[in-house]
There are 2 protein chains.
Amino acid sequence: MTTNHGGIPDDAELMAATSDLAAALRELVEASVRTTTGAAQVRGAAELVRAATARISGSRRPLTRLPALDDPATGRRVFNPVIGVGSAIASPLRERADGDGVVAEGSFNAAYEGPPTFLHGGMSALVMDQLLGDAAWTVAAGGMTVHLELDYRRPVPLETPLVMRAGVTEATERKTVTAGTIALASAPHEPCVRAGAVFVRPRPEQAQDYFGTLTDASGRRPTGAADAAFARD
Amino acid sequence: MTTNHGGIPDDAELMAATSDLAAALRELVEASVRTTTGAAQVRGAAELVRAATARISGSRRPLTRLPALDDPATGRRVFNPVIGVGSAIASPLRERADGDGVVAEGSFNAAYEGPPTFLHGGMSALVMDQLLGDAAWTVAAGGMTVHLELDYRRPVPLETPLVMRAGVTEATERKTVTAGTIALASAPHEPCVRAGAVFVRPRPEQAQDYFGTLTDASGRRPTGAADAAFARD
C-alpha cells in the first residue's frame, strides 16, 4: 500500500493510479492494432511494455484474494472486463441507473473489431451480459447468468456513439428476467442488437461452494452476507 | 514497413513483432489486475505504457484500410479480439479444425473475471460466438451472427485448462446453424456452458453496403470476391 501524502486517502491514490494505467493501456491496445510504423518500433514498444510489467510485478495477490479497491458491499469490481475502471480490456462506457434498469453510452475502437469496421458480434454479447446483469442487481435480486440470448438486426459500427439499455421484465426472489438493446445514439429506437438474459441468485450452499475460499484484500475471510454479493458477472 | 534483413520476409518480421507486442501486453494486462505493489509503481508503469504508445503512433491506418498482415483469402485477421495473435484483448487459445467444426484449448486469467475466480459470463459468449462462426466458415458458408444463445450450467473457473468445441448442425447456401460447448479439459463431457448460433452470409448488395469502402493495406480496393470473406466475426 502507498504512503498517504497530504491527507489524500491511500485508496483514492491507488484508484487514481489504477485508472490511469488502464486508460494508458487502452490507448496502447488501440494503437497496437492501428499502427503502420513497422517491426522495429513495435519491438521497441514491446520492450517498454515488459519494463512496465516488471515495475508492478514485485508482489501479486492470490486469485482468491479480492483486490484492495473492490467493495462487495456496493458491488464495485474495479477490474471487471466490461465496466471496470481498472480493466484494460473494458471499453470505457458511461453507465447509470435509469428507470427499471441501466443505460450505458460509449463507443468501441478497432481493438473490438469483428467484421472490418464493425463491432465483434461476441462483444455485443459480452457487453449486454454485463448490462443486463447490472439491471438485475439494480432493480431485483441479481445473480449469475443462466441464459443469454441475442438477435442481431444490423452490424454495430465502430467509433460511433452508441446507447445500450437493459431493464428487468420479470423478477422473483431468486430469478430475474431481463431485456435490452444496443442502438446508435443517433437512432436510439432502431436497435442493432436485441438481448435477453436470465439471472439466478445462487442458493447459500452454492455461494459457499463457489466463493467459500475468498478472502478480502487483507487476507481475512469476508462475511457470509458479502459472499452473496459476489455472485454477479 | 521494415527493412528486409538476411532474407527474412518483411511480413514474417512484422508478424513476429506484432505477436510479441500482443504477448507482452497480455502479461501486463494480467499483472495490472493482480499487482499489490502500490500507486507509485502503477504510475511508473503507466508512464512506460505511454512511452510505448508514442513509439508506435508515428503513423496509423484508417479504419477502412485492412492491416498489412490480414489475409482475406485465408480469413486471417491478426487483431481479432478472440483469436488474433496480435490482439492484447484475446486470451491465447489454440484452435484447430476438428471433424464437423473446430476445437479450441486454453485457459483464462484474472483479466477475464466475472464473479471472483470465475470467467465472466459474457466472455463465454464472446469466445463461443467466435468459435461457432469459425466452425460455420470451416464447414459451410460462414457469415455474420444473426442469433446467439447460451445456457450456463456451472461457472467456468479461471486459470484452469478448458476445451471448447463448435460444430455445424445444419447448413444451407447462405445460412448455417451451429452448436458448441465449454468444458473443463479434465471433464470434457460435462459442459459448463452450451452455446448455439445462426450465421447468415450477407447478400452481395449487403456486403457492398457493409464493406464497400474497404481497401487493402496499400490503399487499393480489394476484389468483390474478397469482400464476402470479410463478413465474419
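Heads up: the structure comes first, above all this text.
Residues numbered from 1 in each chain as written. Chains lettered and ligands numbered in written order. Predicted model: local features only at pLDDT ≥ 70, side-chain atom pairs only at ≥ 80, totals over all residues. Heavy atoms only, no water.

## Looking at the packing of helix 1 (residues 10-34) of chain A against helix 1 (residues 10-34) of chain B
Item 1. Viewed as axis vectors pointing N to C, helix 1 of chain A and helix 1 of chain B meet at an angle of 160°, and their least axial separation amounts to 11 Å. One element, helix 1 of chain A, and the other, helix 1 of chain B, form an angle in the roughly antiparallel class. Taken as a pair, helix 1 of chain A and helix 1 of chain B cross one another with a handedness that is left-handed. Counting all contacts with helix 1 of chain A, which are made through Leu21(A), Leu25(A), Leu28(A), Val29(A) and Ser32(A), the residues of helix 1 of chain B involved are Leu21(B), Leu25(B), Leu28(B), Val29(B) and Ser32(B).
Item 2. For the contact of helix 1 of chain A with helix 1 of chain B, a count of residues per class yields eight nonpolar, two polar and no charged. (Axes fitted to C-alpha atoms, helices over the stretch in contact; angles between N-to-C directions. Helix = DSSP H or I, 4+ residues; strand = E, 2+ residues; numbered from the N terminus. Parallel < 35°, antiparallel > 145°, perpendicular 65-115°, else oblique. Left-handed = near helix turned anticlockwise from the far one by under 90°. Contact = heavy atoms within 4.5 Å. Nonpolar A, V, L, I, M, F, W, Y, C, P; charged D, E, K, R; others polar.)

## Let's talk about the packing of helix 1 of chain A against helix 2 (residues 39-56) of chain B
Item 1. Look at helix 1 of chain A against helix 2 of chain B: their axes get within 9 Å of each other, and the N-to-C directions meet at 20°. If you check the angle between helix 1 of chain A and helix 2 of chain B, you find them roughly parallel. Remark: the crossing between helix 1 of chain A and helix 2 of chain B carries left-handed chirality.
Item 2. Residues that form the contact of helix 1 of chain A with helix 2 of chain B fall into these classes: 16 nonpolar, three polar and five charged.

## Examining the interface of chain B and chain A
Item 1. Facing the 92 residues of chain B at the interface are 92 residues of chain A.
Item 2. Roughly 8500 Å² is buried in total at the junction of chain B and chain A, and carbon and sulfur atoms are behind 65% of that figure.
Item 3. On the chain B side of the interface with chain A, the three residues burying the most area are Arg34(B), Ile56(B) and Leu63(B), jointly 8% of the side's total.
Item 4. One can count eight salt bridges joining chain B with chain A.
Item 5. Of the charged contacts, one joins Arg50(A) and Asp20(B) as a salt bridge, the two residues approaching to 3.1 Å between their closest N and O atoms.
Item 6. Applying the counting rule to chain B against chain A returns 31 residue pairs in polar contact (both at pLDDT 80 or more).
Item 7. Those elements that place two or more of their residues in the side of chain B that touches chain A are helix 1, helix 2, helix 3 (121-139), strand 3 (144-152) and helix 4 (204-211) of chain B. (Buried area = accessible area lost by both parts, 1.4 Å probe. Salt bridge = Lys/Arg side-chain N within 4 Å of Asp/Glu carboxyl O. Polar contact = N/O pair within 3.5 Å; in protein donor to acceptor, adjacent residues only side chain to side chain.)

## Details of the relation of the copies chain B and chain A
Item 1. The two copies are related by a screw operation: chain B maps onto chain A through 180° of rotation and 0.0 Å of translation along the axis, at an RMSD of 0.0 Å. Each copy turns onto its partner about a two-fold axis. Residues of chain B ranked by C-alpha distance from the rotation axis are headed by Glu149(B), positioned 2.1 Å from it.
Item 2. Looking at chain B, 100% of its interface residues are interface residues in chain A too, so the copies touch through the same face. (Least-squares fit on C-alpha atoms with pLDDT ≥ 70 in both.)

## What to know about the nonpolar core
Item 1. In this structure, Met164(A) and Met164(B) are the most contacted members of the largest nonpolar core, which totals 114 residues.
Item 2. Setting aside chain neighbours within four positions, we find Met164(A) in contact with Leu93(A), Val102(A), Val103(A), Ala104(A), Glu105(A), Gly106(A), Phe108(A), Val127(A), Met128(A), Leu131(A), Thr181(A) and Ile182(A). (Core = buried A, V, L, I, M, F, W, Y, C linked by side-chain atoms within 4.5 Å. Buried < 20%, exposed > 50% of the residue type's maximum accessible area, 1.4 Å probe, protein only.)

## Overview of the packing of aromatic side chains
Item 1. On inspection of all chains with the given rule, the structure shows eight aromatic pairs over all chains.
Item 2. Each ring, one from Phe108(A) and one from Tyr112(A), has its centre 5.5 Å from the other, and the planes form 75°; the classification is edge-to-face.
Item 3. The class for Phe108(A) is buried, based on a relative accessible area of 4%.
Item 4. Residue Tyr112(A) is classed as buried on the basis of its relative accessible area, which comes to 4%.
Item 5. On the numbers, 6.0 Å between centres and 80° between planes, the contact of Phe118(A) with Phe211(B) is edge-to-face. Here the residue Phe118(A) occupies a position in the loop between strand 2 (101-106) and helix 3 (121-139), and Phe211(B) occupies one in helix 4, the pair thus bridging two chains. Just as Phe118(A) is buried, Phe211(B) falls in that class too.
Item 6. One aromatic cluster in this structure is built from Phe118(A), Tyr210(B) and Phe211(B). (Phe/Tyr/Trp six-rings, centres within 6.5 Å; stacked < 30°, edge-to-face > 60°.)

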